[in-house]
Structure formats: C-alpha cells, structure tokens
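# A closer look at the structure
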Amino acid sequence: QVQLVESGGGLVPAGGSLTLSCTASGRIKYIGLMAWHRQAPGKEERETVASTVYRHDPNYADSVKGRFTVSRDNVKKTITLQMNNLQPEDTAVYYCEALISTWSTGLTTYWGRGTRVTVAS
C-alpha cells in the first residue's frame, strides 16, 4: 500500500519561512509527477502550487514564483517545498500528490492527508 505523508506545516508571521516535506512509502517501482497543491479556507478548489517530473524543470504557480522552491529526492522518495516570504494569502492546507506505479499496479495518483500552513498578518 502506497502512502504519502506530509510534514512541516505550522503558524508563521508574514515574511517568514516554512519547509514542507512529503515522503512516499510502499512497494514503489516508479514515481513520475510529484506536486504540491493547496486549498485555502473557504475555497473548494485546490490550487497547484508546484510540480516536478523526474529530469524536468519544475513548474510553479505565478503566485509563488520567486518565493517557493520545490525539490525532489528520488532515492528518498521525497518532495520538499521551501516557502519564503510567506504572506497571509498563502494560508491553506497543503497537499502532496504523486503519480506512482508499484510492482503490481500501473501509474496511480496518490494524495497525502495535508498539512496546514497559517500565515499571520
């Protein structure tokens, strides 16, 4: 069974920084896309914050370019989101997503349970 576990959320003042991590576990054969999404309070839709595909440049939402940096470690099966100069509008629950195949299944999308980030003004 594949699991994605996020960590690193919390409460920070505006202008502060946080680092989110997401680690995949299970009988994983291959990880393709790994991404961070967020869902702000009161909003139904999730916004894609950053995404990365193995051996490709990462993509970022315009709202976070220059402030957030995504990286992945394929050996550790981890994606990390370094968030700098956080603003109140970055307040959201952040979710990790990964497209993973195992030794018994094809590529399947998996989601973490989310980690809450709150930026105080």
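Going by the structure above, here's the rest.
The structure contained in this document is the topic of the report that follows.

Calculation rules
- Residues numbered from 1 in each chain as written.
- Predicted model: local features only at pLDDT ≥ 70, side-chain atom pairs only at ≥ 80, totals over all residues.
- Heavy atoms only, no water.
- Pairing = 2+ DSSP bridges.
- Helix = DSSP H or I, 4+ residues; strand = E, 2+ residues; numbered from the N terminus.
- Axes fitted to C-alpha atoms, helices over the stretch in contact; angles between N-to-C directions.
- Salt bridge = Lys/Arg side-chain N within 4 Å of Asp/Glu carboxyl O.
- Buried < 20%, exposed > 50% of the residue type's maximum accessible area, 1.4 Å probe, protein only.
- Disulfide = S-S within 2.5 Å.
- Core = buried A, V, L, I, M, F, W, Y, C linked by side-chain atoms within 4.5 Å.
- Contact = heavy atoms within 4.5 Å.

## Here we look at the sheet that holds strand β8 (residues 78–83)
Here we have four strands laid out as an open sheet, ordered β1-β3-β8-β7, and antiparallel in their pairing. This sheet does not close on itself; its edge strands, each paired only once, are β1 (3–7) and β7 (68–73). Recorded for the sheet is a direction-independent mean angle of 15° between the axes of neighbouring strands. Where strand β3 (residues 18–25) and β8 come together, six bridges link them in antiparallel fashion. For Thr19, the partnering residue across the bridge sits in β8 and is Gln82.

## Details of the pattern of salt bridges
Taken as a whole and assessed by the stated rule, the structure comprises four salt bridges. Taking the shortest distance from any N to any O, the salt bridge between Asp90 and Arg38 comes out at 2.9 Å. Placement of the pair is Asp90 in the loop between β8 and β9 (92–102) and Arg38 in strand β4 (residues 28–39), with a sequence separation of 52 residues. Each member of the pair Asp90 and Arg38 is classed as buried. For Asp90, the salt bridge is made with Arg67, and the minimal N-O distance between the two is 2.7 Å. With Asp90 in the loop between β8 and β9 and Arg67 in the loop between β6 (59–60) and β7, this residue pair connects regions lying 23 residues apart in the sequence. Using a relative accessible area of 0% as the deciding quantity, one classes Asp90 as buried. Counted as one network, the salt bridges with shared partners bring together Arg38, Glu47, Arg67 and Asp90.

## Quick look at the state of the cysteines
For the structure shown, the criterion picks out one disulfide. In this model, Cys22 is linked to Cys96 through a disulfide, with the two sulfur atoms separated by 2.1 Å. Note on the Cys22 and Cys96 pair: the S-S dihedral is about -80°, so by sign convention the disulfide is left-handed. You can see Cys22 sitting in strand β3 and its partner Cys96 sitting in strand β9, a full 74 residues away along the chain. One exposure class covers both Cys22 and Cys96, and it is buried.

## Section: the nonpolar core
Counting 29 residues, the largest nonpolar core has Trp36, Leu81, Met83, Tyr94 and Ile100 as the members making the most contacts within it. Mapped onto this core, the elements with two or more residues apiece are β3, β4, β5 (47–52), β7, β8, β9 and β11 (115–120). Examining the composition of this core, we find that five residues originate from one element, β9, more than from any other. Excluding anything up to four places from it in sequence, Tyr94 contacts Glu6, Leu20, Trp36, His37, Arg38, Val49, Phe68, Leu81, Met83, Gly114, Thr115 and Val117.

Don't take any of this as a statement about function, it's just geometry.
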